[in-house]
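# Overview (structure and organization)
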Amino acid sequence: LFFFFNDTATTEIYTRSIVGSVRCVQETGINAEYMGIKYIRDYMGFKRFVQAGRVAYINYGVDHGKVCVIVEVINSTRVLVDGPTLGVPRQVISLRRLALTDHLLKVAKGIHTKSLEAIIKKEDLVKKIGESSWAKKLAAQKRRAELNDFERFQVMMLKRQKAYLVNKDVAQTHAKKPKKAGKKEAKPKEAKSSQYPDIFHFTQN
Amino acid sequence: FFFLMIRRPPRSTQGVSSAASDVYKRQVSTQSTWDFQWCQRRSMGKESKSQFSLKKVKQYILVGRAKPVAGQKEEPKVYRMRVFAPNTVIAKSKFWTLMRKQKKIKHTGGELIAIHEVIENPSKSVKVYGIVLRYQSRTGYHNMYKEYRDTNICGAMSQMYMDMAGRHRAREETIHIVRTCVVPESKIKRAETKSFTNGNVKFPLLNRISRPPIKKFKAFARAKRPTLFLQQNNSDS
């Protein structure tokens, strides 16, 4: 079965995802009655919310790079945040300094540090965060930044070898199957890693 | 050229933008521990290093009385006042202004017995503060009741001053605080405050921009065009 990645297919996928995300209606932060009208909004396809229990990553300031849990929403710009075993003291932080993650803990608003610590340990949050793809990306970025000159040279050599092998594979595939007009096949950019030796893993820890 | 190679601590606390030397700008994300410590020390205020607060004012308690006059039988009455001010100088000034207006005791005829700063415990819970104030507009005086969510009274006060300045062009000098209180959830008046007090409040974060994690890394000139939006996996599509 071949998938045809032409224009009509992409619009189909788009509309399907919007239909799937419309959920039951719910009032949002700003009270409707205050406005005088019943102001109803659906999720509009959003997955991550600023809410009590949301795990967030601090991307600015002294604590940047650390992960914390939103304990209570103060107003539209600030939240009370806590990270007992995560190295973040209980503090008020601006939402501008946070990036929300997918993780959400079941936590009552204003939860105390000790109770939060128990929940974090129970949910094994540190492990879950470490397993997420963005945490791995961050770790890889950090490793890449820590490379010394020799290691950078090694990386260059490995990249060159990989490129050679990939191009060789592509050339062979080209030679076997001649290109037909109107048919676009997804060409495997990443070579089948099981066939090739271990040199493709750059982070050699 | 050697002095550029060796990283030296700055002599004075310069602003990042005024640190025009190339050495600071050329630094990549790999930071030496020394640099990071310098960053921390710079960003640390008097408060705990991780506190993020808008504190414009501090809370003071001033105790004063009229100077005892020779031949007076009774000791002059002692008055205690709670003042919100950015420093002790302004606190004293506010104290004597009100003593003069309300008790007919002038600064020259009075003495300040004590001035204490009231320091609240560090933020642990969010409260709703109700503030009754009186301010002078261009055409007259008005009373107001305002509510703010914050972890301490000084933070709520700072919010109030910013709010008044923004909404009514009322500067700090024209605002008099009549009364402050911590409002229990059942007695909250303002709909917006009530909606954020709700435990189920939630909203997505929109219009995100990426910025360097430390102000020091903010580059004056860049080779690339700025990124106007952050590609985040916030939606289903």
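Residues numbered from 1 in each chain as written. Chains lettered and ligands numbered in written order. Predicted model: local features only at pLDDT ≥ 70, side-chain atom pairs only at ≥ 80, totals over all residues. Heavy atoms only, no water.

### Things to note about the overall build of chain A
Convention followed: Numbering of helices and strands runs from the N terminus, with a helix taken as a DSSP run of H or I at least four residues long and a strand as a DSSP run of E at least two residues long. Per-residue accessibility, obtained with a 1.4 Å probe over protein chains only, is compared with the maximum for each type, and a residue is labelled buried under 20%, exposed over 50%, and partly exposed between these values.
Looking only at helices and strands, one finds six helices and five strands in chain A. In chain A, the succession of helices and strands from N to C terminus is α-α-β-β-β-β-β-α-α-α-α. For chain A, with 205 residues in total, the buried portion stands at 34%.

### Some words on the overall build of chain B
For clarity, the threshold we go by: The contact criterion used is simple: two residues touch if any of their non-hydrogen atoms lie within 4.5 Å. All accessible areas in this document rest on Shrake-Rupley with a 1.4 Å probe, and a residue is counted as covered only by the protein chains that are shown.
Each helix and strand in chain B was counted, giving six helices and six strands. Reading the secondary structure of chain B in the N-to-C direction produces α-α-α-β-β-α-β-β-β-α-β-α. Counting over 237 residues, chain B shows a buried share of 32%. Considering only intrachain contacts with a sequence separation of at least 6, the fraction spanning at least 24 residues in chain B is 60%. For chain B, the accessible area works out to roughly 16,400 Å², and carbon and sulfur atoms hold 53% of it.

### Considering the packing of aromatic side chains
Selection rule: In this analysis, rings of Phe, Tyr and Trp, with Trp reduced to its six-membered ring, are considered paired at centre separations within 6.5 Å, and the interplanar angle assigns stacked below 30 degrees, edge-to-face beyond 60, and tilted for intermediate values. Geometrically, a lysine NZ or arginine CZ counts as sitting over a ring once it is within 6 Å of the ring centre and also within 35 degrees of the ring normal.
Under the defined criterion, the tally for this structure stands at four aromatic pairs over all chains. On the numbers, 6.2 Å between centres and 90° between planes, the contact of Phe196(B) with Phe203(B) is edge-to-face. If you follow Lys202(B) out to its NZ or CZ, it ends over the ring of Phe49(A), 4.9 Å from the centre. Lying across the ring of Tyr60(A), Arg211(B) places its NZ or CZ 4.0 Å from the centre.

### What to know about the sheet that holds strand S4 (residues 127-136) of chain B
Residues and elements named next belong to chain B. Formally: The pairing criterion is simple: DSSP has to find at least two bridges between the two strands. Between N-to-C directions, angles cover 0 to 180 degrees, with each direction set by a line fitted to C-alpha atoms, over the stretch in contact for helices.
Read from one edge of the open sheet, three strands run S5-S4-S6, paired in antiparallel fashion. Every interior strand has two partners, whereas the edge strands, strand S5 (141-150) and strand S6 (175-183), have only one. Going from strand to strand, the sheet's axes swing by 20° on average, the running direction of each strand aside. With respect to the sheet, helix H5 (residues 153-168) is in contact with S4, S5 and S6, its orientation differing from that of S5 by roughly 130°.

### With respect to helix H4 (residues 88-103) of chain B
All names here are of chain B. Our working rule: Every helix has an expected span of 1.5 Å times one less than the residues it contains. To be clear, the arc concerns the directions from the helix axis to the C-beta atoms. Identification of polar contacts relies on pairs of N or O atoms within 3.5 Å, with a donor-acceptor requirement for protein atoms, meaning one able to donate a hydrogen and the other able to accept it, and with residues adjacent in sequence counted only if both atoms are side-chain atoms.
End to end, H4 covers 21 Å across 16 residues, agreeing with the expected 22 Å (1.5 Å per residue, within 8%). Among the residues of H4, Ala91, Phe95, Trp96 and Met99 are the ones counted as buried. Relative to the axis of H4, the buried residues are bounded by an arc of 130° and lie together on one face. Facing away from the buried side of H4, by more than 90 degrees, are the exposed residues Val89 and Lys101. Packed against the buried residues of H4 are strand S1 (58-66), strand S2 (78-85) and strand S3 (110-118). Regarding H4, its N-cap is Asn87, as a side-chain oxygen of that residue lies 3.2 Å from the backbone nitrogen of Val89 further along. Where H4 ends, the next residue or the one after it, Lys104, has phi of about 55°, a positive value.

### Observations regarding the confidence of the model for chain A
Residues and elements named next belong to chain A. Filter applied, for reference: What pLDDT expresses is the predictor's confidence in each residue, scored from 0 to 100.
Residues at a pLDDT of 70 or more form 65% of chain A, whose mean pLDDT is 75. Ranking the elements of chain A by mean pLDDT puts helix H1 (residues 7-21) last, at 35, and strand S2 (residues 67-73) first, at 96. The low-confidence segment residues 1-41 (pLDDT under 50) makes 37 contacts with residues lying over four places distant or belonging to another chain.

### Focus: a nonpolar patch on the surface
Going by this rule: Exposure above 30% relative accessible area and no salt bridge define the residues that can form patches, which grow by joining like charges within 9 Å and nonpolar side chains of Val, Leu, Ile, Met, Phe, Trp and Tyr within 5 Å. One side-chain nitrogen of Lys or Arg within 4 Å of one carboxyl oxygen of Asp or Glu is enough to make a salt bridge.
On the surface, a nonpolar cluster with roughly 310 Å² of combined accessible area is contributed by Phe150(A), Phe153(A) and Met156(A). Here Phe153(A) shows up in helix H6 (residues 149-176).

### Concerning unusual backbone geometry
Look at Asp124(A): it is not a glycine, yet its phi comes out positive at around 55°. Structurally, the position occupied by Asp124(A) is in the loop between helix H3 (113-123) and helix H4 (125-131). Since its relative accessible area comes to 37%, Asp124(A) is described here as partly exposed. Despite not being glycine, Arg169(B) has its phi angle at roughly 60°, a positive value. Residue placement: Arg169(B) occurs in the loop between H5 and S6.

### Digging into the nonpolar core
Soluble globular proteins tend to bury their nonpolar side chains together. Residue and element names in this part refer to chain A. The test is simple: In plain words, nonpolar cores are sets of buried Ala, Val, Leu, Ile, Met, Phe, Trp, Tyr and Cys residues tied together by side-chain atoms within 4.5 Å.
Val55, Val69, Leu105, Leu116, Ile120 and Leu125 are the most contacted members of the largest nonpolar core, which totals 19 residues. For this core, the elements supplying multiple residues, two or more each, are strand S1 (54-58), S2, H3 and H4. Broken down by element, this core gets its largest block of residues, three residues, from S2. Ignoring any residue separated from it by four or fewer positions in sequence, one finds Val55 in contact with Val67, Cys68, Val69, Leu100, Thr101, His103, Leu105, Leu125 and Ile129.

### Remarks on the pairing of S4(B)
Residue and element names in this part refer to chain B. Both S4 and S5 contribute to a ladder of ten bridges, which runs antiparallel. Its bridge partner lying in S5, Lys127 is registered against Asp150. A loop of four residues connects S4 with S5, the two strands running antiparallel in sequence. Inspection of the sheet shows S4 paired to S6 by eight bridges, in the antiparallel sense. Bridge pairing links Tyr129 to Val182 in S6.

### Describing the sheet that holds S1(A)
Residues and elements named next belong to chain A. Strands sit in the order S4-S3-S2-S1-S5 across an open sheet of five strands; the sheet is antiparallel. Strand pairing shows two members of the sheet lacking a second neighbour, strand S4 (88-94) and strand S5 (98-104), which therefore form its edges. Across the sheet, the mean angle from the axis of one strand to that of its neighbour is 40°, orientation sign disregarded. When S1 meets S2, the two strands line up antiparallel, connected through three bridges. Each residue of the ladder has a partner; that of Ala56, found in S2, is Cys68.

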